[in-house]
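Results of the structural survey
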Amino acid sequence: MPQPTLPPTLAVLERGWLSANSVVGFEADGSATVVDTGYVQHAPQTVALLAELLQGRALRRIVNTHLHSDHCGGNAALQAAHGGPQACAIEVPAGELDAVNAWDEDALSFRATAQRAAAFRAVRGIAAGSTVLLGARPWQAHAAPGHDPHALMLFDPASGVLISGDALWQDGFGVIFPELRGEPAFGAQRDTLQRIAALRPRCVIPGHGAAFSDVDAALQRARQRLDAFVADPLRHARHGVRVLLKFHLMQHAEALPRAALRQWFADAPLLAEVARRFWPQQALPALFDDTLDALCRAGAARDDGLSVANAG
Ligand SMILES: [Zn+2]
């Protein structure tokens, strides 16, 4: 399917799964704005890719759809590369403003998921219902709870483009993290999908993967996936654990000693919590073995018994 056309004042830096996509807006005053900045490990690459795209324009604003490590990991490096906090402002979903400015790693997700991020401060919290200037257009900020309770989506009614973060991908959506912690959120995800349907976007720029215009089909797939998770929450929990292990593997170009990987798994607070909640009878090492087996069967990892490598 051909790529949908985007307004000329927007550019999408499509990344992979470790780093979310960045959406760059070219403003009327010659400056630029970026939405989401990738994972901290890729921060130098993110700075370089943006420099190439901006051609000397000043990056004045960084906006985050939500504060998962793969969406805000380049904030600090980009801000530093563009004149620091005085010249380049960071704006985050309103619900995360206090946690960010206190750099509260317990309230943010980084410690629980044993993922990394570089600290930054934000000057503004974006509330649902407010307007965000991007690419010389006013975008509506819409609440997108489910995957993340504070997440926002940005919608430009004039062009029909929706920046969905991890609320909707072409094939699915992000793990519904609150559910892993025992907080109901499948209903919130359903409402978010309904909100997207009501906006009738012409094109969606997702947090991961290419922009797409067959939005109805994507919503249909997402609803089916959500129905399956609601019917079997253990299936969702298994999926969440696999995603977290895979995300960790993706950070390593070289194979990891199996014992070190197992230790990382045991030390990640969210994984221990999920294990206790969903598989109270199963020891954590057995959950690790099952999860790694599943990744290997899916071609997403290779395990020779001593070391484990990312694959696929
Ligand atoms: Zn996310």
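Residues numbered from 1 in each chain as written. Predicted model: local features only at pLDDT ≥ 70, side-chain atom pairs only at ≥ 80, totals over all residues. Heavy atoms only, no water.

**Remarks on the domain arrangement of the chain**
Domain parsing of the chain yields domain 1 (10–230) and domain 2 (233–310). Taking only C-alpha atoms, the centre of domain 1 and the centre of domain 2 are 26 Å apart. Across the contact, 23 residues belong to domain 1 and 19 residues belong to domain 2. Where domain 1 meets domain 2, there are one salt bridge. (Domains from an automatic or database assignment. Contact = heavy atoms within 4.5 Å. Salt bridge = Lys/Arg side-chain N within 4 Å of Asp/Glu carboxyl O.)

**What to know about helix α11 (residues 269–278)**
Taking burial as the measure, the 10 residues of α11 include seven buried ones, the bulk of the element. Within α11, the full set of buried residues consists of Leu-270, Leu-271, Ala-272, Glu-273, Val-274, Ala-275 and Phe-278. Buried residues belonging to α11 abut α5 (110–113), α6 (177–180), α9 (233–250), α10 (258–267) and α12 (284–297). (Buried < 20%, exposed > 50% of the residue type's maximum accessible area, 1.4 Å probe, protein only. Helix = DSSP H or I, 4+ residues; strand = E, 2+ residues; numbered from the N terminus.)

**Details of a positive patch on the surface**
A cluster of like positive charges, contributed by Arg-235, Arg-238, Arg-242 and Arg-297, occupies part of the molecular surface. Inspection of the secondary structure puts Arg-242 in helix α9. Arg-242 gets classed as partly exposed once you look at its relative accessible area, which sits at 31%. (Patch = residues over 30% accessible without salt bridge, like charges linked within 9 Å, V, L, I, M, F, W, Y side chains within 5 Å. Areas by Shrake-Rupley, 256 points an atom, 1.4 Å probe, with all protein chains shown as cover. Lys, Arg positive; Asp, Glu negative; His and termini not counted. Charge placed at Lys NZ, Arg CZ, Asp CG, Glu CD.)

**Description of the sheet that holds strand β10 (residues 161–165)**
Spatial ordering of the open sheet is given by β7-β8-β9-β10-β11, a layout of five strands whose pairing is mixed. Two strands close off the open sheet at either side, each with one partner strand: β7 (131–134) and β11 (203–206). For this sheet, the mean inter-axis angle between neighbouring strands, taken without regard to orientation, is 30°. Pairing geometry for strand β9 (residues 152–156) and β10, over three bridges, is antiparallel. Note that in β10 the partner of Asp-156 across the bridge is Val-161. On top of the sheet, helix α7 (residues 186–199) reaches β8 (137–143), β9 and β10; it is set at about 150° to β8, its chief contact. (Pairing = 2+ DSSP bridges. Axes fitted to C-alpha atoms, helices over the stretch in contact; angles between N-to-C directions.)

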